[in-house]
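# Analysis of the macromolecular model
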Amino acid sequence: MNFVSHLQHPLLSCYTAFGPSHGPSPTQITHCPYFPPVWFSSLCHQTSPWYTPEACLQMKDCWHAQVKSVCQDRASRSMGMMSKVVMLGDLYVGKTCLINRFCKNMFDRDYKATIGVDFEIEKFELSGVPYSLQIWDTAGQEKFKCIASAYYRGAQVIITVFDLADIKTLDHTRQWLEEAMKENDPGSCFVFLVGTKRDLLSSAECRKMERDAIKIANEMQAEFWSVSAKTGENVQDLFFRVAALAFEDAILKEVEGVTAPTVIGPGGLISKFFFFFFFFFFFFFLRNGQ
Ligand SMILES: Nc1nc2c(ncn2[C@@H]2O[C@H](COP(=O)(O)OP(=O)(O)OP(=O)(O)O)[C@@H](O)[C@H]2O)c(=O)[nH]1
Ligand SMILES: [Mg+2]
């Protein structure tokens, strides 16, 4: 599991691609999938850039003042934090491939539908504070919707995914978000709208599709990103942006006393073994109950 491998190779999860303190415009983004390593601790003073200013959740490029002192305190006590990210969207849009590109740096051209849900845990270190993203991959197939929706609750970040080459999937993102928001309080999570498979479109097609997506992102109050799991374009930047926003928000909520501190330890993380045990148990009864 990722969690273990990253503990063994901490450096693998400790670099990022923070370049400019402002968000790059779509045209500035190159096809270079991975950038030279920069220590994640630089995030203490600077947040990760957004994709486009036309649909971004925050434009400030520095952490909130309170975050720095909390980081120092938490780092000295090695108190970790974790945020839950839920990926949803139509079947075949590329949710699993996006996660696999970020967490395993791999891409599989063969389609293997996700059955119900799966998750990956990606470990970071932000300014000395151990931090994890628990990334839930849900199935887009209708028949698994009731299983997947059980995992929407308590999300700090909701990523609605669509295929840039298939306009229908963009239209469906509103519905997916509505479903997820039934399980979460309004304003309690960051929403991202992510278009995948940009490698399949010409620059002109991509620009057109992005314009449509930005309108929907604004309606949804979501931050828009355009990525390709195949080439890796913008994938790392997307997840670092997710991590940066969720991390700062979690710290601020803790300071305000909205949430109790999340301590990562062996008991604080869901083991994949127990997850699959309960998942198949649940799935078995669901099928037999029908
Ligand atoms: N060209 C291209 N193909 C992609 C990209 N991302 C995913 N695919 C392909 O699209 C298909 C579906 O990808 P998945 O990641 O399995 O889709 P999914 O959204 O997880 O689907 P469900 O699990 O059924 O909900 C696969 O054949 C992938 O190889 C991409 O960025 N570019
Ligand atoms: Mg999948």
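Residues numbered from 1 in each chain as written. Chains lettered and ligands numbered in written order. Predicted model: local features only at pLDDT ≥ 70, side-chain atom pairs only at ≥ 80, totals over all residues.

Per an unreviewed UniProt entry, the protein goes by Ras-related protein Rab-36 and derives from Scleropages formosus. Heading Catalytic activity (unreviewed entry) of the UniProt record for the protein holds this comment: "GTP + H2O = GDP + phosphate + H(+)". (UniProt positions renumbered as here; feature names shortened; annotations may be inferred.)

On to the site of ligand 1, then. Around ligand 1, the surrounding shell holds 23 residues, and the nearest of these are Gly94, Thr96, Cys97, Thr114 and Gly140. Sort the elements by how many residues they give to the shell around ligand 1 and helix 3 (residues 95–104) lands first, with 3 residues. Split by residue class, the shell around ligand 1 holds 9 nonpolar, 7 polar and 7 charged. (Near = placed C-beta within 6 Å. Helix = DSSP H or I, 4+ residues; strand = E, 2+ residues; numbered from the N terminus. Nonpolar A, V, L, I, M, F, W, Y, C, P; charged D, E, K, R; others polar.)

Below, the discussion takes up helix 7 (residues 203–220). Residues spaced three or four apart along an α-helix point in a common direction, a consequence of the helix completing one turn every 3.6 residues. For helix 7, built from 18 residues, the straight-helix expectation of 26 Å at 1.5 Å per residue is met to within 8% by its first-to-last C-alpha distance of 25 Å. Along helix 7, the residues classified as buried are Met209, Glu210, Ala213, Ala217 and Met220. Down the axis of helix 7, the smallest arc covering the buried residues is 110 degrees, so these residues share one side. For helix 7, exposure combined with an orientation more than 90 degrees from the buried face picks out Ala204 and Arg211. Against helix 5 (167–171), helix 6 (173–182), strand 5 (190–196) and strand 6 (223–226) lie the buried residues of helix 7. Downstream of helix 7 by one or two residues, Gln221 has phi in the positive range, about 55 degrees. (Expected span 1.5 Å × (residues − 1). Buried ≥ 20, exposed ≤ 12 C-beta atoms within 10 Å, placed from the backbone. Arc of directions from axis to C-beta. Contact = placed C-beta atoms within 7 Å.)

A few words on unusual backbone geometry. Located in the positive-phi region is Lys197, a residue other than glycine, with phi close to 65 degrees. By the secondary structure assignment, Lys197 is in the loop between strand 5 and helix 7. On the basis of neighbour counts, which here come to 23 C-beta atoms within 10 Å, the residue Lys197 falls in the buried class. Even without being a glycine, Gln221 presents a positive backbone phi close to 55 degrees. Within the secondary structure, Gln221 sits in the loop between helix 7 and strand 6. Judged by the 14 C-beta atoms lying within 10 Å of it, Gln221 falls in the partly exposed class.

With that settled, consider the sheet that holds strand 5. If you walk across this open sheet you meet the 6 strands as 2-3-1-4-5-6, and the pairing is mixed. Two strands close off the open sheet at either side, each with one partner strand: strand 2 (117–126) and strand 6. Pairs of neighbouring strands in the sheet enclose a mean axial angle of 25 degrees, with direction left out of account. Across 4 bridges, the pairing between strand 5 and strand 6 is parallel. The partner of Leu193 across the bridge, within strand 6, is Phe224. (Pairing = 2+ DSSP bridges. Axes fitted to C-alpha atoms, helices over the stretch in contact; angles between N-to-C directions.)

Moving on, we come to the packing of helix 3 against helix 8 (residues 235–255). Remark: helix 3 packs on helix 8, axes separated minimally by 9 Å, with the N-to-C direction vectors making an angle of 85 degrees. With respect to each other, helix 3 and helix 8 are oriented roughly perpendicular. Here Leu98, Arg101 and Phe102 of helix 3 come into contact with helix 8, specifically with Val235, Gln236 and Phe239. When its residues are assigned to classes, the contact of helix 3 with helix 8 shows 4 nonpolar, 1 polar and 1 charged. (Parallel < 35°, antiparallel > 145°, perpendicular 65-115°, else oblique.)

Counting residues in each nonpolar core, the largest one holds 70 residues, and the members touching the most others are Val85, Val86, Val157, Phe192, Val242 and Ala243. The leading source of residues in this core is helix 8, at 12 residues. When near neighbours in sequence (up to four residues on either side) are disregarded, Val242 contacts Val85, Leu133, Val157 and Phe192. (Core = buried A, V, L, I, M, F, W, Y, C linked by C-beta atoms within 7 Å.)

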